[in-house]
Amino acid sequence: MVKINKNYLKLPGSYLFSTIAKKVNAFTEANPDKKIIRLGIGDVTQPIAPAIIKALHEAVDEMGQKETFHGYAPDLGYGFLRETIAKEDYTARGCEISPDEIFVSDGAKSDCGNIQEIFDESCRIAVCDPVYPVYVDSNAMAGRTGEYEEEAGKWSNVIYMPCTAENHFVPELPKETPDLIYLCVPGNPTGTTLTRDQLKVWVDYANENGAVILYDAAYEAYIAQDDVPHSIYEIEGAKTCAIEFRSFSKNAGFTGVRLGFTVIPKALERGGVSLHSLWARRHGTKFNGAPYIVQKAGAAVYSAEGKAQLKEQVAYYMRNAKVIFSGLKEAGCEVYGGVNAPYIWLKVPEGMTSWEFFDRLLEEAGVVGTPGSGFGPSGEGYFRLTAFGTYENTIEAIDRMKKMPSLKK
């Protein structure tokens, strides 16, 4: 008789953003005339930049000619893209990362979820709390998180590192020693960051304890402050303890195109085994490569025209972040983030849970956000708004929120 992976049955409810979608769909069906403004999921709204569209068209034309047609991509990705990434994202910042330490994929979410496969089931994970749910859920599916304690909103075998207003949403070194440490900088959902000195503490800790840092840098393009590193490899010692994930979704609008990459230095070993070689084996076995046309588009991100156009897009979204932050501040709300990341972390009105505020926001203002409790127990009482909407919708959403009866309490 076929047996299923019972770890899936331990997962609470559905994926966070699937639950939100179901609630919004039900509300829309019941209120077909009400305009909904979505500031929940971190999906971009600006079209792909002209320089990238040009590269896509050229690549499509190449695929239509026998002489320039491309089939399966190389396991790690095309050399033209990996070499460009190494030069522009790493060498330019003083990081010694070679092209063959870069694995091109279809997105950072896939890699963040799949990286746990190369580690033993006994490895304990440490996560910031609140945190992007994919880190925990993918480990739960693998049987690494223990049992879900519904009342506490925690997994029994996960080491949680609370990020609260009291510690400025910066994680502190855990009392228990983890094997795998997930860090997202700039942070999703809180929008906060780590300075070079703060990140050096984590690198030293991981090296001293034999842990591996899984570093999600999906939002590095939004970093505005000089003392916040764009890559963990800017920190001395990181090459022997850290794996870095990058995405083209947030910096270049590739949410519907799909492209990302993971960096695993060859110097990173555990138990005498190269993690680079393990991921190469997994990558080659389970992945057939991102499409040629998409990788050509990715290379255009680093062109002079691409850089200039994407800088404008990042500025567009950060203007939205300023509108949300300042508007809610004027309304008397307690708000965080919005400086180095396109997310605003909002304290919900007193006496409400995160999901109760979600319902009120939808009913009273027709605005969709993300309940903080969906990111972990320390997210209860908070709420995430994204700056990825259009400027016009963002202004309208904040105007509506300012008029909410429940926000004025």
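Sequence positions are assigned chain by chain, starting from 1 and proceeding in written order. Confidence filtering applies because this is a predicted model: local features only for residues at pLDDT of at least 70, side-chain atom pairs given and counted only at 80 or more, and all residues used for totals across whole chains, interfaces and linings. With hydrogens and water excluded, all non-hydrogen atoms of the structure serve as input to the side-chain values.

How do you make sense of the sheet that holds strand S14 (residues 343-347) when you look at a structure like this?
Paired through backbone hydrogen bonds, the strands of a sheet run either parallel or antiparallel to each other. Spatially, the four strands line up as an open sheet ordered S13-S14-S17-S16, and their pairing is antiparallel. Pairing within the sheet leaves two strands with one partner each, and these edge strands are strand S13 (335-337) and strand S16 (370-371). In this scheme, strands are said to pair when DSSP sees at least two bridges between them. The helix and strand labels rest on DSSP assignments: H or I over at least four residues marks a helix, E over at least two residues marks a strand, and numbering proceeds from the N terminus. Across two bridges, the pairing between S16 and strand S17 (residues 382-386) is antiparallel. The residue bridging Pro 371 from the neighbouring strand is Phe 383, located in S17.

Please clarify how the nonpolar core should be interpreted in this entry.
Within soluble globular proteins, side chains that are nonpolar tend to cluster in buried spots. Residues Ile 213, Leu 328, Phe 357 and Met 401 are the most contacted members of the largest nonpolar core, which totals 97 residues. Ranked by residue count, the leading element in this core is helix H11 (residues 304-330), at nine residues. Contacts are residue-level and defined by heavy atoms, with any inter-residue pair within 4.5 Å sufficient. Excluding residues within four positions of it along the chain, Leu 328 makes contact with Cys 333, Val 335, Leu 346, Leu 385, Ile 398, Met 401 and Leu 407. Formed by 31 residues, the second largest nonpolar core is a distinct cluster that contains Ile 115, Ile 118, Phe 119 and Leu 180. Throughout this description, the term nonpolar core refers to a set of buried Ala, Val, Leu, Ile, Met, Phe, Trp, Tyr and Cys residues connected via side-chain atoms within 4.5 Å. Between buried and exposed lies partly exposed: a residue is buried under 20% and exposed over 50% of the maximum accessible area for its type, with that area taken using a 1.4 Å probe on protein chains only.

I'm lost on unusual backbone geometry in this one. Help?
For residues besides glycine, phi is generally negative; the peptide bonds are generally trans as well. Cis geometry marks the peptide bond from Asp 129 to Pro 130; its omega dihedral reads 10 degrees. Tracing the sequence through the fold places Pro 130 in the loop between strand S3 (125-129) and helix H6 (133-141). Going from Asn 188 to Pro 189, the amide bond is cis rather than trans, its omega being 25 degrees. In this structure, Pro 189 sits in the loop between strand S7 (180-184) and helix H7 (196-209). Notably, His 168 is not glycine yet its phi reads approximately 60 degrees, a positive angle.

Teacher, can you tell me more about the packing of helix H3 (residues 50-63) against helix H10 (residues 292-300) here?
For any two helices packed against each other, one specifies the inter-axial angle together with the distance between the axes. To obtain an axis, a line is fitted to C-alpha atoms, over the contacting stretch when the element is a helix, and the angle between two such axes runs from 0 to 180 degrees between their N-to-C directions. Relative to each other, H3 and H10 sit at 150 degrees, their axes nearing to 8 Å. H3 and H10 meet at a crossing whose hand is right-handed. Residues Ala 51, Ile 52, Ala 55, Leu 56, Ala 59, Val 60, Glu 62 and Met 63 of H3 pack against Tyr 292, Ile 293, Lys 296, Ala 297 and Ala 300 of H10. A clockwise turn of the near helix away from the far one marks a right-handed crossing, whereas an anticlockwise turn of less than a right angle marks a left-handed crossing.

Please clarify how H7 should be interpreted in this entry.
Because an α-helix packs 3.6 residues into every turn, residues spaced three or four apart end up facing the same way. Under the convention used throughout, the expected extent of a helix is 1.5 Å for every residue step, that is, one less than its residue count. In a regular helix each residue adds 1.5 Å, so 14 residues correspond to 20 Å; H7 covers 20 Å between its end C-alpha atoms and thus fits that length. Listed in full, the buried residues belonging to H7 are Leu 199, Trp 202, Val 203, Tyr 205 and Ala 206. Buried residues in H7, looked at end-on, bunch into an arc of 160 degrees, giving them a common side. Exposed and oriented more than 90 degrees from the buried face of H7 are Asp 197 and Glu 208. Residues of H7 that are buried sit in contact with strand S6 (159-162), S7, strand S8 (212-216) and strand S11 (269-270). Arc definition: it is the arc formed by the directions from the helix axis to the C-beta atoms.

Help me out: how do you make sense of the pairing of S8 in this one?
Consecutive residues of a regular strand have side chains that alternate between opposite faces of the sheet. Among the five residues of S8, five are classified as buried, and the element is accordingly described as predominantly covered. The side-chain alternation of S8 yields two buried faces, one formed by Val 212, Leu 214 and Asp 216 and the other by Ile 213 and Tyr 215. For S7 and S8, the ladder comprises five bridges, and the chain directions are parallel. Directly across from Cys 184, in S8, lies its bridge partner Asp 216. Pairing analysis gives four bridges linking S8 to strand S9 (residues 242-247), with the strands arranged parallel. Each bridged residue has a counterpart across the sheet, and for Leu 214 the counterpart in S9 is Ile 243.

I would appreciate a short explanation of the packing of aromatic side chains in the present structure.
Aromatic rings considered in pairs are described by the distance between their centres and by the relative angle of their planes. Centres within 6.5 Å make a pair out of two Phe, Tyr or Trp rings, where for Trp the six-membered ring is used; the pair is then stacked when the planes are under 30 degrees apart, edge-to-face when over 60, and tilted otherwise. Overall, the coordinates contain 22 aromatic pairs when judged by the stated rule. Consider the rings of Tyr 135 and Tyr 182, whose centres lie 4.9 Å apart with planes at 20 degrees: the pair is stacked. Of this pair, Tyr 135 sits in helix H6 while Tyr 182 is found in strand S7, placing the two residues 47 residues apart along the sequence. Considered together, Tyr 135 and Tyr 182 belong to a single accessibility category, that of buried residues. The criterion is that NZ of a Lys, or CZ of an Arg, lies within 6 Å of the ring centre and within 35 degrees of the ring normal, and then a charge sits over that ring. Its end group placed over the ring of Phe 80, Lys 296 keeps NZ or CZ at 5.1 Å from the ring centre.

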